[in-house]
Amino acid sequence: PIWSGAYITRNHGYMIYDTLFATDAKGEVQPQMVDKYSVSDDKLKWTFTLRDGLLFHDDKPVTSEDVIASLQRWGSRDATGQKLMSFVKEMKAVNDKTFEISLNSPTGLMLLALGKPSSQVPFIMPKRIAQTPGGEQIKEYIGSGPFVFKVDEWKPGDRAVYVKFAKYKPRSEPPSGLAGGKVVKVDRMEWIAMPEQQTAVNALVAGEIDIIEQPRHDLLPTLEKAKDVKLLDQNPLGNQYAFRFNVLHPPFDNPKIRAALYEAFNQEDFLQATIGDPKYYKVCKAMFICGTPLGSEEGMKDKLESNMNKARAMLKEAGYDGTPVVLLHSTDLQVLTNLAPVAKSLMERAGMKVDMQSSDWQTVVARRVKKEPPAQGGWNVMLTSWVSADVLNPVSTSFVNASCDKANFGWPCDEGLEKLRDQFARETDPAKQKEIANAVQNRMVNEYPTHIYLGQWYQPMAHRSNVSGIIVAPAQGFWNVEKK
């Protein structure tokens, strides 16, 4: 879950790992593995003490050394973690349960970063596993979380199995979002891959399965009428679609060619093709999500209106020479499948040549981290989606990270964006944070595009009526879930 930001991997992380802090239902950060913490008057030294009784699944206690190694690995990979680590002077263990983080200068990021709810989450692993470099996948799956991963029953592409960790010590507070007591009320949970959605719906209606994580939107009316089935809006903040550029290779190594697609695209086409029902989507030109403190349409005048004349003129002026664009198309996730064909159509209308290459999502996730040229197995553009909680500010929004090789796949490299993100990380005045966020959006859209955001959408979960206790949060956790 540090190597990959894919949400299936994040959700797996919440099953078997735990976090130092967590975000509650009000969006506030609360202690989780941490019992108590303090910060010095000059805001340069933070001291944290772990709760009693924290055990890894191999029966070894969680120590400060495990925490520090885990934070170092996460901080090498995650956009928020990288920015936090730029303030960190030293992390050291005081004893087995207490550790200190010393800073070069104060930042308001500490709790926001350690309690971030979604990709990539600072999960705590044993030191020997956490010492795996951030750019390499781990080979042992041992956490201190509420479930144990049954590696012997894992069949990739078929099912993943988790069992209750009997020695897990939950917090005493009731669950709230991803915070509070993680009380496991089922002995075993199976995640079953069912690519054919109608088959999944039939199985749910028949009581053969208990939950569908993401039922297809055109099947929601069927589920609404089904006996003993309920729909739950488990993530009220919703999600945001994104079109991601790879800036390493032509033609999108040229920011002016990237900017032309802000003229060619429009959000409605993408949202109609994937979601269809306006009840479950919102056209929104705010990068940091409409209806939130940093939501703004700064710099978006006349953008995303499919002005093909302007898009073609910009491509010509930028020197686009007909270089074919390799567009990755995922075929097996309903909420993503129709995005690439819409992008292909709009890009071709603007005068670009597009080579759309189709595969399952797992293959796309593996391919998008490759830096090779498109002709050698790399790529130019791909589409994905973020939960809104991941894109609420310039630091947490991974696709705005423009730190070159340290950036997320696509590897944007822009000193201007990085200076603004750093200013945001240092600022504590909400009004000034808003000004900086507007400047980030303006630069990203008009001068150095890293991605195109394509509107907000909402995804109910479907479950049997005898299943209760599903937590409402930006990421999926299955503690507190009960089956009568």
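Structure: above.
Residues numbered from 1 in each chain as written. Predicted model: local features only at pLDDT ≥ 70, side-chain atom pairs only at ≥ 80, totals over all residues. Heavy atoms only, no water.

Chemist: How should the environment of threonine 98 be read in this particular structure?
Modeler: Within the fold, threonine 98 resides in strand β7 (residues 98–103). Expressed as a C-alpha distance, the spacing of threonine 98 and glutamate 447, which sit 349 residues apart in the sequence, is 45 Å. (Helix = DSSP H or I, 4+ residues; strand = E, 2+ residues; numbered from the N terminus.)

Chemist: Teacher, can you tell me more about the nonpolar core here?
Modeler: Across soluble globular proteins, nonpolar side chains show a tendency to be buried alongside one another. Leu20, Phe243, Leu261, Phe265 and Met347 are the most contacted members of the largest nonpolar core, which has 148 residues in total. With 6 residues, the top contributor of residues to this core is helix α12 (residues 339–349). For phenylalanine 265, the residues in contact, after removing those within four places along its chain, are Phe243, Phe270, Leu304, Glu305, Ser306, Ala343, Leu346, Met347, Ile452 and Leu454. (Core = buried A, V, L, I, M, F, W, Y, C linked by side-chain atoms within 4.5 Å. Buried < 20%, exposed > 50% of the residue type's maximum accessible area, 1.4 Å probe, protein only. Contact = heavy atoms within 4.5 Å.)

Chemist: What am I meant to see in α12 here?
Modeler: At 3.6 residues per turn, the α-helix brings residues three or four places apart onto the same side. Buried within α12 we find Leu339, Ala340, Val342, Ala343, Leu346 and Met347. Down the axis of α12, the buried set is contained in an arc of 160 degrees. They therefore lie on one face. (Arc of directions from axis to C-beta.)

Chemist: Honestly, the state of the cysteines in this entry has me stumped. Any pointers?
Modeler: By definition, a disulfide links two cysteine residues through a covalent bond between their sulfur atoms. This structure, assessed with the given rule, holds 2 disulfides. Here cysteine 284 is linked by a disulfide to cysteine 290, with a sulfur-sulfur distance of 2.1 Å. As the torsion about the S-S bond is roughly 100 degrees, the cysteine 284-cysteine 290 disulfide counts as right-handed. What makes cysteine 290 partly exposed here is its relative accessible area of 22%. Through a disulfide, cysteine 404 is tied to cysteine 413; the S-S separation comes to 1.9 Å. With the S-S dihedral at roughly 65 degrees, the linkage between cysteine 404 and cysteine 413 falls on the right-handed side. If you count the bonded cysteines of the protein chain from the N-terminus, they pair up as 1-2, 3-4. (Disulfide = S-S within 2.5 Å.)

Chemist: Help me understand the sheet that holds strand β6 (residues 88–93) in this model?
Modeler: Two modes of strand pairing occur in sheets, parallel and antiparallel, and in both the strands are linked by backbone hydrogen bonds. The 4 strands are arranged β4-β5-β7-β6 in an open sheet whose pairing can be described as antiparallel. Looking at which strands have only one partner, the edges of the open sheet turn out to be β4 (34–39) and β6. Each neighbouring strand pair of the sheet contributes to a mean axis angle of 15 degrees, computed without reference to strand direction. Note that strand β5 (residues 45–50) and β7 share 5 bridges and pair antiparallel. Across the sheet, residue tryptophan 46 finds its bridge partner in β7, namely isoleucine 101. Each of β5, β6 and β7 touches helix α2 (residues 64–75); the most contacted strand, β6, lies at about 150 degrees to it. (Pairing = 2+ DSSP bridges. Axes fitted to C-alpha atoms, helices over the stretch in contact; angles between N-to-C directions.)

Chemist: How should I be thinking about the packing of helix α8 (residues 255–264) against helix α10 (residues 308–318) in this particular structure?
Modeler: Packed helix pairs are characterised by how far apart their axes lie and by the angle those axes make with each other. Relative to each other, α8 and α10 sit at 175 degrees, their axes nearing to 8 Å. The angle between α8 and α10 places the two elements in the roughly antiparallel class. Contacts between α8 and α10 involve Lys256, Ile257, Ala259, Ala260, Glu263 and Ala264 from the former and Met308, Lys310, Ala311, Met314, Leu315 and Ala318 from the latter. Taken together, the residues of the contact of α8 with α10 break down into 9 nonpolar, no polar and 3 charged. (Parallel < 35°, antiparallel > 145°, perpendicular 65-115°, else oblique. Nonpolar A, V, L, I, M, F, W, Y, C, P; charged D, E, K, R; others polar.)

Chemist: Help me understand helix α6 (residues 197–205) in this model?
Modeler: Every buried residue of α6 is listed here: Gln197, Ala200, Val201, Ala203 and Leu204. Axial view of α6: buried residues confined to an arc of 160 degrees, hence all on one face. In this structure, the buried residues of α6 make contact with β12 (211–212), α7 (220–225), β13 (229–232) and β20 (461–464). One side-chain oxygen of the residue at the start of α6 lies 2.9 Å from the amide nitrogen of glutamine 198, identifying that residue as glutamate 196. One or two positions beyond α6, positive phi appears at glycine 207, with a value near 80 degrees. (Polar contact = N/O pair within 3.5 Å; in protein donor to acceptor, adjacent residues only side chain to side chain.)

Chemist: Would you explain the packing of aromatic side chains in this entry?
Modeler: Working definition: an aromatic ring pair is given by the centre-to-centre distance plus the angle between the planes. Summed over the entire model, instances satisfying the criterion amount to 26 aromatic pairs. Arranged with centres 6.1 Å apart and planes meeting at 85 degrees, the rings of tyrosine 141 and tryptophan 154 form a pair that is edge-to-face. Placement of the pair is tyrosine 141 in the loop between α5 (127–130) and β9 (147–149) and tryptophan 154 in the loop between β9 and β10 (159–164), with a sequence separation of 13 residues. Looking at tyrosine 141, the relative accessible area reads 26%, which means it is partly exposed. (Phe/Tyr/Trp six-rings, centres within 6.5 Å; stacked < 30°, edge-to-face > 60°.)

Interpretation in functional terms is not warranted from these geometric data alone.
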